Amino acid sequence: DTGVSQDPRHKITKRGQNVTFRCDPISEHNRLYWYRQTLGQGPEFLTYFQNEAQLEKSRLLSDRFSAERPKGSFSTLEIQRTEQGDSAMYLCASSLGPLGQETQYFGPGTRLLVL
Amino acid sequence: EDQVTQSPEALRLQEGESSSLNCSYTVSGLRGLFWYRQDPGKGPEFLFTLYSAGEEKEKERLKATLTKKESFLHITAPKPEDSATYLCAVQTNTGTASKLTFGTGTRLQVTL
């Protein structure tokens, strides 16, 4: 069990550029979550996949954000036309088990800085 | 709207000085309450899940308890390596997802 992995770990970009992050969940975990965490705050839910289906999106997820999980394994989160307010740690988590009774295991995060 | 409040925001303890962290919550229907530990620049690390009032769980120097309105994380005889931010999160019956709603955390520093 290698845990949840995320790539890249750090990303610096200029305002207006597009960025894409990747998350590899724990093997066989069918649920995958994206969260965003800013300094001094707890993680905030962005979106959630069960297998390849995206089942819920937070209102925090503007039209510039898109997430995919094409084969029900890894997931990507893309931010188009980045803004300085997008600077944050983007966390991925995965889980397995009965809905509402599973534990979410987090990856190390991708820290994004938009200049 | 589901709310999670953690206190204190920051706590400084001397090695061996026991204390408790508080997590109070207001939710429409609690499925589970989770405690995570987060080191600077890293993702949250799972500690405990509590599902019903009266439940308790222990791991090394940590013990988590749950009532109908709050949870406590008790730290007994802490060591410097226990220094971290401790996050509380709830999973509720609202919506279709089992998303977690987090508090802002308690930053714990344990000194020699």
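In what follows, the structure referred to is the one given above.
Residues numbered from 1 in each chain as written. Chains lettered and ligands numbered in written order. Predicted model: local features only at pLDDT ≥ 70, side-chain atom pairs only at ≥ 80, totals over all residues. Heavy atoms only, no water.

A. Spotlight on the overall build of chain A. Summing up its helical and strand segments, chain A has zero helices and 11 strands in all. Reading the secondary structure of chain A in the N-to-C direction produces β-β-β-β-β-β-β-β-β-β-β. In terms of overall dimensions, chain A is globule-like: its C-alpha atoms have a radius of gyration of 13 Å, near the 13 Å expected for 115 residues. By its C-alpha atoms, chain A is 40 × 25 × 25 Å across when sized along the principal axes. Counted over contacts in chain A with a minimum sequence separation of 6, partners at least 24 positions apart contribute 54%. Counting only carbon and sulfur atoms, one obtains 44% of the accessible surface of chain A, whose full area is about 5900 Å². (Helix = DSSP H or I, 4+ residues; strand = E, 2+ residues; numbered from the N terminus. Rg over C-alpha atoms; globule rule 2.2 N^0.38 Å. Contact = heavy atoms within 4.5 Å. Areas by Shrake-Rupley, 256 points an atom, 1.4 Å probe, with all protein chains shown as cover.)

B. Molecular detail of the sheet that holds strand S3 (residues 19–26) of chain B. All names here are of chain B. Pairing is antiparallel in the open sheet, where five strands are placed in the order S1-S3-S8-S7-S6. Only two strands of the sheet have a single partner each, and these edge strands are strand S1 (3–7) and strand S6 (56–59). Adjacent strand axes in the sheet meet at a mean angle of 15° when their direction is disregarded. Examined bridge by bridge, S3 and strand S8 (residues 70–75) share six bridges and lie antiparallel to one another. (Pairing = 2+ DSSP bridges. Axes fitted to C-alpha atoms, helices over the stretch in contact; angles between N-to-C directions.)

C. The arrangement of the packing of aromatic side chains in detail. Scanning all chains against the criterion turns up 13 aromatic pairs over all chains. Relative to Tyr48(A), the ring of Tyr33(A) lies with its centre 5.0 Å away and its plane at 20°, an arrangement referred to as stacked. On the criterion of sequence distance, the pair formed by Tyr33(A) in strand S4 (residues 31–37) and Tyr48(A) in strand S5 (residues 44–50) is long-range, its members being 15 residues apart. Considering the side-chain rings of Phe106(A) and Tyr36(B), the 5.4 Å spacing of their centres and the 90° angle between planes classify their relative orientation as edge-to-face. Of this pair, Phe106(A) sits in strand S10 (residues 105–106) while Tyr36(B) sits in strand S4 (residues 30–38), each in a different chain. Each member of the pair, Phe106(A) together with Tyr36(B), is buried. These aromatic residues form a ring-pair network of at least three members: Tyr33(A), Tyr35(A), Phe45(A), Tyr48(A), Tyr105(A), Phe106(A), Phe34(B), Tyr36(B), Phe46(B) and Phe102(B). (Phe/Tyr/Trp six-rings, centres within 6.5 Å; stacked < 30°, edge-to-face > 60°. Buried < 20%, exposed > 50% of the residue type's maximum accessible area, 1.4 Å probe, protein only.)

D. The pairing of strand S2 (residues 10–14) of chain B, seen in detail. Residue and element names in this part refer to chain B. Only one face of S2 is buried, namely the one carrying Leu11 and Leu13, since none of Ala10, Arg12 and Gln14 on the opposite face is buried. Bridge count between S2 and strand S11 (residues 106–111): five bridges; the pairing is parallel. Of the residues in S11, the one forming a bridge with Arg12 is Gln109.

E. Inspection of the state of the cysteines at higher detail. In total, this model carries two disulfides over all chains according to the counting rule given. Put simply, Cys23(A) and Cys92(A) are joined by a disulfide, and their sulfur atoms are 1.8 Å apart. Residues Cys23(A) and Cys92(A) are joined through a disulfide that is left-handed, its torsion about the S-S bond being -65°. Here Cys23(A) is found in strand S3 (residues 19–24), whereas its partner Cys92(A) is found in strand S9 (residues 88–95), with 69 residues between them in sequence. The pair Cys23(A) / Cys92(A) is uniform in exposure class, with both members buried. A disulfide bridge connects Cys23(B) with Cys88(B), and the sulfur atoms are separated by 1.9 Å. Judged by the sign of its S-S torsion, about -60°, the bond between Cys23(B) and Cys88(B) is left-handed. One end of the pair, Cys23(B), is in strand S3; the other, Cys88(B), is in strand S9 (residues 84–92), and 65 residues separate them in sequence. Take Cys23(B): its relative accessible area is 0%, and that puts it in the buried class. (Disulfide = S-S within 2.5 Å.)

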